[in-house]
Amino acid sequence: MLKGKRILVGICGGIAAYKSADLVSRLKKKGACVKVIMTKNAGEFITPITLASLSGNKVATDMFSCPQDWDIQHISLAQWAEYIIIAPATANFIGKAASGIADDLLTTTVMASKAMVIAVPAMNTNMYNNPIVGRNIESLATHNGYLFFGPASGHLACGDTGTGKMEEPTAIVEYVERLTNASRSYEGKTVLVTAGPTREALDPVRFLTNGSSGKMGYSIAGAAAARGARVILISGPTHLQPPASVEFVPVVSAVDMYNAVMDSYKECDIVIKTAAVSDYRPAVAYNHKMKKTQNEISLDMVRNPDILAQLGKDKGKRILVGFAAESIDIIEYAKDKIKKKNLDMIVANDITQEGAGFNSNTNEGFILDSNGGMEQLTRMDKMEMANIILDKIACLFGKDNQ
Ligand code: C5P
């Protein structure tokens, strides 16, 4: 439901700006209160009069010549907005926001606001694929909780074909509607999320681990907190900043993770185990650094506790969700794990696919449930996938968001 929602649309200077007029019009038709900020460059593509007519509000373009009826403009707009949609979000806007540069009304307002920010990127394919842009998107998503929607692929205005097209206004409106519908559906629930890899020590300086970045779990933790849940995030070592308002429990090894999960398990309604837990650990962890005295050595390993399987045995009314990263027979293994670990749902990824699984910003795969249901998830941003997973879990406890 968008009725009555206060939405600030920020329009940056890109050819896709012409689509923002349609976006504003569609948001208005859904009953949202819409205000618009345009950057100076956006004014080269579309006029403020168009957006003022469609939004029914004066359009702000400049820090220093503002509509007289607003207070200190960037502060009043920042406080007014419940949602900020930046469409199109250019590489320039994304770069400035990620670097903390607030040199115009839009960047200043966004930085001064606590509203949920949805960025809808649109730019040339090579720009989008530039690692600096990727880094900035990742930084905004992980440190500031920005949600990125798109870009889509197709024929671009610059003549290239590839990723960089702004998502269509109808799809943006649907996406924002889903977010607003979902927004408090986890109120009163306690969600335990595990994330990241574990490290299994060989000696004080060496360890066995895997390439899990933690992004999927951190995205789920942040999205669940945004929906009103109390979230306990138990994470192996990652480079990520824990999302705001989660209870963060850092751990190192699988045994540490087991202990931390067991400490919190009883308080939880939902457990989502995205962590890539090491199945084995060295039988002996030396107190001193191992010396290279022999040409060959062999390593004895012992099994780690299977945390999720253990939780499955003492499940009660809890909802248990597992992840399965596989390289072959992913659906068969996933079905098997649902049974063996007594799960309600599992998200299975084929880690051999580019853009899926470990250390990627995107993910794809299948969601399977204990009733035999299965849904394919096409490649998407991990935050978007987090929201789909949370929608599915909400159906299980009777809060259907669809
Ligand atoms: O059996 P497998 O490791 O493939 O299962 C993956 C799922 O089980 C993930 O959700 C993972 O977090 C969880 N797991 C666990 N404890 C382990 C191994 C995996 O909780 N020791």
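Rules used in this analysis
Residues numbered from 1 in each chain as written. Predicted model: local features only at pLDDT ≥ 70, side-chain atom pairs only at ≥ 80, totals over all residues. Heavy atoms only, no water. Helix = DSSP H or I, 4+ residues; strand = E, 2+ residues; numbered from the N terminus. Rg over C-alpha atoms; globule rule 2.2 N^0.38 Å. Buried < 20%, exposed > 50% of the residue type's maximum accessible area, 1.4 Å probe, protein only. Lys, Arg positive; Asp, Glu negative; His and termini not counted. Charge placed at Lys NZ, Arg CZ, Asp CG, Glu CD. Contact = heavy atoms within 4.5 Å. Near = heavy atom within 4 Å. Polar contact = N/O pair within 3.5 Å; in protein donor to acceptor, adjacent residues only side chain to side chain. Areas by Shrake-Rupley, 256 points an atom, 1.4 Å probe, with all protein chains shown as cover. Nonpolar A, V, L, I, M, F, W, Y, C, P; charged D, E, K, R; others polar. Core = buried A, V, L, I, M, F, W, Y, C linked by side-chain atoms within 4.5 Å. Domains from an automatic or database assignment. Expected span 1.5 Å × (residues − 1). Axes fitted to C-alpha atoms, helices over the stretch in contact; angles between N-to-C directions. Parallel < 35°, antiparallel > 145°, perpendicular 65-115°, else oblique. Left-handed = near helix turned anticlockwise from the far one by under 90°. Salt bridge = Lys/Arg side-chain N within 4 Å of Asp/Glu carboxyl O. Phe/Tyr/Trp six-rings, centres within 6.5 Å; stacked < 30°, edge-to-face > 60°. Lys NZ or Arg CZ within 6 Å of the ring centre and 35° of its normal. Pairing = 2+ DSSP bridges. Right-handed = clockwise from strand over helix to strand, strands pointing away.

A. Just the overall build of the protein, in detail. Check the secondary structure of the protein and you find 13 helices and 20 strands. Over its C-alpha atoms the protein spans a radius of gyration of 23 Å, differing by no more than 12% from the 21 Å that the globule rule assigns to 402 residues. Within the protein, the proportion of its 402 residues that are buried is 51%. Charge centroids of the protein, computed over 43 positive and 41 negative side chains, lie 3 Å from each other.

B. Quick peek at the environment of Gly196. Mapped onto the secondary structure, Gly196 falls in the loop between β9 (190-195) and β10 (200-201). Given the relative accessible area of 1%, Gly196 is considered buried. Taking the C-alpha atoms as reference points, Gly196 and Leu320, 124 residues apart in sequence, are found 18 Å from one another. The residues contacting Gly196, other than those within four sequence positions of it, are Ser212, Gly214, Thr238, Ala275 and Ala276.

C. How the structure looks around the site of the ligand. The environment of the ligand is made up of Lys273, Ala275, Val277, Asp279, Pro305, Asp306, Ile307, Leu308, Gly322, Phe323, Lys337 and Lys341. Lys337 places a side-chain nitrogen or oxygen 2.4 Å from an oxygen atom of the ligand. When isolated, the ligand has an accessible area of 450 Å², and the protein chains bury 87% of it. Contributions of two or more residues to the shell around the ligand are made by α11 (307-313) and β17 (319-326). Of the residues that constitute the shell around the ligand, the class distribution is six nonpolar, one polar and five charged.

D. Broad picture of the nonpolar core. Leu27, Ile85, Ile118 and Ile393 are the most contacted members of the largest nonpolar core, which has 67 residues in total. No other element matches the eight residues that helix α13 (residues 382-396) contributes to this core. Both of domain 1 (6-182) and domain 2 (190-401) provide at least three residues apiece to this core. Grouped together as the second largest cluster of nonpolar side chains are 26 residues, Ala60, Ala91, Val110 and Ala115 included.

E. Expanded view of helix α1 (residues 17-29). For α1, which comprises 13 residues, the first-to-last C-alpha distance of 19 Å matches the rise-based estimate of 18 Å (1.5 Å per residue) to within 8%. Residues of α1 that are buried: Ala17, Lys19, Ser20, Ala21, Leu23, Val24, Ser25 and Leu27. Buried residues along α1 sit against β1 (6-11), β2 (33-38), α2 (48-55), β4 (83-89) and α8 (169-182). Just beyond α1, the residue with positive phi is Gly31, at close to 95°.

F. Representation of the packing of helix α4 (residues 91-99) against helix α7 (residues 131-143). As a packed pair, α4 and α7 sit with axes 9 Å apart at the nearest point and diverge in direction by 55°. The angle between α4 and α7 falls in the class oblique. The way α4 lies across α7 gives a crossing that is left-handed. Contact with α4, carried on its side by Ala91, Ile94, Gly95, Ala97 and Ala98, involves Val133, Asn136, Ile137, Ser139 and Leu140 of α7 and no other residues of that element. Of the residues that constitute the contact of α4 with α7, the class distribution is seven nonpolar, three polar and no charged.

G. Molecular detail of the side chain of Lys315. As for its position among the elements, Lys315 is in the loop between α11 and β17. Of the residues examined, Lys315 reaches a relative accessible area of 13% and is grouped as buried. The residues touching Lys315, leaving out its near neighbours within four places in the chain, are Tyr265, Leu320, Asn342, Leu343 and Asp344.

H. A look at the domain arrangement of the protein. As assigned here, the protein comprises domain 1 (6-182) and domain 2 (190-401). The straight-line distance from the C-alpha centre of domain 1 to that of domain 2 is 34 Å. The partner domain 2 presents 13 residues to the 12 residues of domain 1 that form the contact. Summed over the shared surface of domain 1 and domain 2, the number is two salt bridges. Across the pair Lys215 and Glu138 runs a salt bridge whose closest N-O atoms are separated by 3.6 Å. Secondary-structure elements contributing two or more residues to the side of domain 1 that touches domain 2 are α7, β6 (147-148) and α8. For the side of domain 1 that touches domain 2, the element with the highest residue contribution is α8, accounting for five residues. Here the side of domain 1 that touches domain 2 is composed, by residue class, of seven nonpolar, three polar and two charged.

I. Representation of the packing of aromatic side chains in the model. Counting across every chain of the model gives four aromatic pairs. Cation over ring: Arg318 sits above Tyr265, and NZ or CZ is 4.3 Å from the ring centre.

J. A look at the pairing of β2. Of all six residues in β2, five are buried, a share of seventy percent or more. Bridge analysis of β1 against β2 gives six bridges, and the strand direction is parallel. Bridge pairing in β2 places Ile7 opposite Val34. With α1 bridging β1 and its parallel neighbour β2, the resulting β-α-β unit is right-handed. Handedness of the β-α-β unit built from β2, α2 and strand β3 (residues 59-60) comes out right-handed.

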